[in-house]
Amino acid sequence: MSEKVNRREKIVQAATELFMDNGYQKTSVRDITNKVGCTEAALYYHFKDGKRSLFKEVIESNIPSLMSILEDCQGAESLYELIMKYGQSMTRTLELRAEKFRWIVSEFPEFQNEERDIFHEKHLKFHNAMTELVRPFVSNEVQAHHIAWLISCTGIGYMQVFCALDMKSVANVQPMDLLERLAKALSAEQSIK
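Residues numbered from 1 in each chain as written. Predicted model: local features only at pLDDT ≥ 70, side-chain atom pairs only at ≥ 80, totals over all residues. Heavy atoms only, no water.

**Student:** Explanation requested: the overall build of the protein chain in the structure shown.
**Tutor:** For the protein chain, the helix and strand inventory stands at 10 helices and 0 strands. When the helices and strands of the protein chain are read in sequence order from the N terminus, they spell out α-α-α-α-α-α-α-α-α-α. Structurally, the protein chain occupies a C-alpha span of about 65 × 35 × 35 Å along its principal axes. Considering the protein chain as a whole, with its 193 residues, one finds that 41% of them fall into the buried category. (Helix = DSSP H or I, 4+ residues; strand = E, 2+ residues; numbered from the N terminus. Buried < 20%, exposed > 50% of the residue type's maximum accessible area, 1.4 Å probe, protein only.)

See below:
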């Protein structure tokens, strides 16, 4: 691996750790370069817009697993199977995903519009891809969008309540149990129509 690529990866990793530990707003370019052991010029060489473009790369490289969840859903032959595949894929990395999501949620009110737009764009891309997976199993596009949001919100809600708020320590509710109930309910609704 070339030194340039390796340094770029080190900068992204250091920024990820510092953003999650200290927050995006409280992390300076100097903090990142000190952690990596490089100059600010080296950071700007890789990230022309400095911290903002680095933030975008951190989001791209640390929250891409959303799209990998959907890759695991390919080939579903029913809405029920799609939701169950989504749940199985999501739960494999739930704790890691929850930690990174917790960081975004806690800092989101402090983000400028440009930082919010990065996250919004990422999540809308996920939603649109989920909608395309749902579409073959429902009667119209609006319904596909609504079901895609419902699936997404169920996963996010579980992360918030059971991981971020640690309800799993006092209530034994497994994510796959919730998703199975959702899958059965939505599948039953579709068969009635």
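After presenting the structure, the write-up continues.
**Student:** What's the story with helix α2 (residues 29-36) in this structure? I'm lost.
**Tutor:** Residue pairs spaced three or four apart in an α-helix point in one direction, given the helix's 3.6 residues per turn. Those residues of α2 not exposed but buried are V29, I32, T33 and V36. Along the long axis of α2, the arc covered by the buried residues comes to 95°, so they all point the same way. Along α2, exposed side chains directed more than 90 degrees from the buried face belong to R30 and N34. Positive phi shows up at G37, right after α2, with a value of about 85°. (Arc of directions from axis to C-beta.)

**Student:** Can you help me understand the packing of helix α6 (residues 79-92) against helix α9 (residues 141-164) in this one?
**Tutor:** Axes are the key here: two packed helices are described by the angle between their axes and the distance separating the axes. Contact geometry for α6 and α9: axes closest at 11 Å, N-to-C directions at 30°. In terms of orientation, α6 and α9 fall into the roughly parallel class. Between α6 and α9 the crossing geometry is right-handed. Taken together, the residues of α9 that come into contact with α6 (itself represented by L79, I83, Y86 and M90) are I147, I151, S152 and G155. Within the contact of α6 with α9, the residues separate by chemical class into 6 nonpolar, 2 polar and no charged. (Axes fitted to C-alpha atoms, helices over the stretch in contact; angles between N-to-C directions. Parallel < 35°, antiparallel > 145°, perpendicular 65-115°, else oblique. Left-handed = near helix turned anticlockwise from the far one by under 90°. Contact = heavy atoms within 4.5 Å. Nonpolar A, V, L, I, M, F, W, Y, C, P; charged D, E, K, R; others polar.)

**Student:** Please explain the nonpolar core as it appears in this structure.
**Tutor:** Side chains that are nonpolar tend, in soluble globular proteins, to be buried together. By size, the foremost hydrophobic cluster in this structure holds 56 residues, and its most contacted members are I32, Y86 and V134. Here this core gets 8 residues from one element, more than from any other, and that element is α9. For I32, the residues in contact, after removing those within four places along its chain, are I11, A14, A15, L18, F19, T27, L43 and L54. (Core = buried A, V, L, I, M, F, W, Y, C linked by side-chain atoms within 4.5 Å.)

**Student:** How should I be thinking about the pattern of salt bridges in this particular structure?
**Tutor:** Pairing is possible between side chains of opposite charge, provided their charged atoms come close. Taken as a whole and judged by the stated rule, the model has 9 salt bridges. One salt bridge connects E40 with R30, and the closest N-O pair in it is separated by 3.5 Å. Placement of the pair is E40 in helix α3 (residues 40-46) and R30 in helix α2, with a sequence separation of 10 residues. R92 serves as the salt-bridge partner of D72, at 2.7 Å between the closest nitrogen and oxygen. One end of the pair, D72, is in the loop between α5 (65-71) and α6; the other, R92, is in helix α6, with 20 residues separating them in the sequence. Residue D72 is classed as partly exposed on the basis of its relative accessible area of 34%. Overall, R92 belongs to the exposed group, its relative accessible area being 57%. It is possible to trace a salt-bridge network through shared partners that takes in R52, E114 and E115. (Salt bridge = Lys/Arg side-chain N within 4 Å of Asp/Glu carboxyl O.)

**Student:** I would appreciate a short explanation of the packing of aromatic side chains in the present structure.
**Tutor:** On inspection of all chains with the given rule, the structure shows 10 aromatic pairs. Ring geometry for F19 versus Y24: centroids 5.1 Å apart, planes at 80°, classification edge-to-face. A relative accessible area of 0% means that F19 is categorised as buried. Members of the aromatic cluster, connected to one another through ring pairs, are F19, Y24, F55, W103, F108, F111 and F119. In this structure, K48 packs its charged tip against the face of Y45, placed 5.0 Å from the ring centre. Positioned above the aromatic ring of Y24 is the side chain of K51, whose terminal nitrogen or guanidinium carbon lies 4.5 Å from the ring centre. (Phe/Tyr/Trp six-rings, centres within 6.5 Å; stacked < 30°, edge-to-face > 60°. Lys NZ or Arg CZ within 6 Å of the ring centre and 35° of its normal.)

**Student:** Please explain the environment of G157 as it appears in this structure.
**Tutor:** Turning to its location among the elements, G157 is positioned in helix α9. Placed 20 residues apart in sequence, G157 and D177 show a C-alpha to C-alpha distance of 14 Å.

**Student:** Sorry if this is basic, but what is going on with α9 here?
**Tutor:** Across its 24 residues, α9 extends 33 Å between first and last C-alpha, which sits within 8% of the 34 Å expected from 1.5 Å per residue. Buried residues of α9: Q143, A144, I147, A148, I151, S152, G155, Y158, M159, F162 and C163, and no others. At the N-terminal boundary of α9, the capping side chain belongs to N140, with an oxygen 3.1 Å from the backbone nitrogen of V142. Of the residues trailing α9, D166 is marked for its positive phi of about 55°. (Expected span 1.5 Å × (residues − 1). Polar contact = N/O pair within 3.5 Å; in protein donor to acceptor, adjacent residues only side chain to side chain.)

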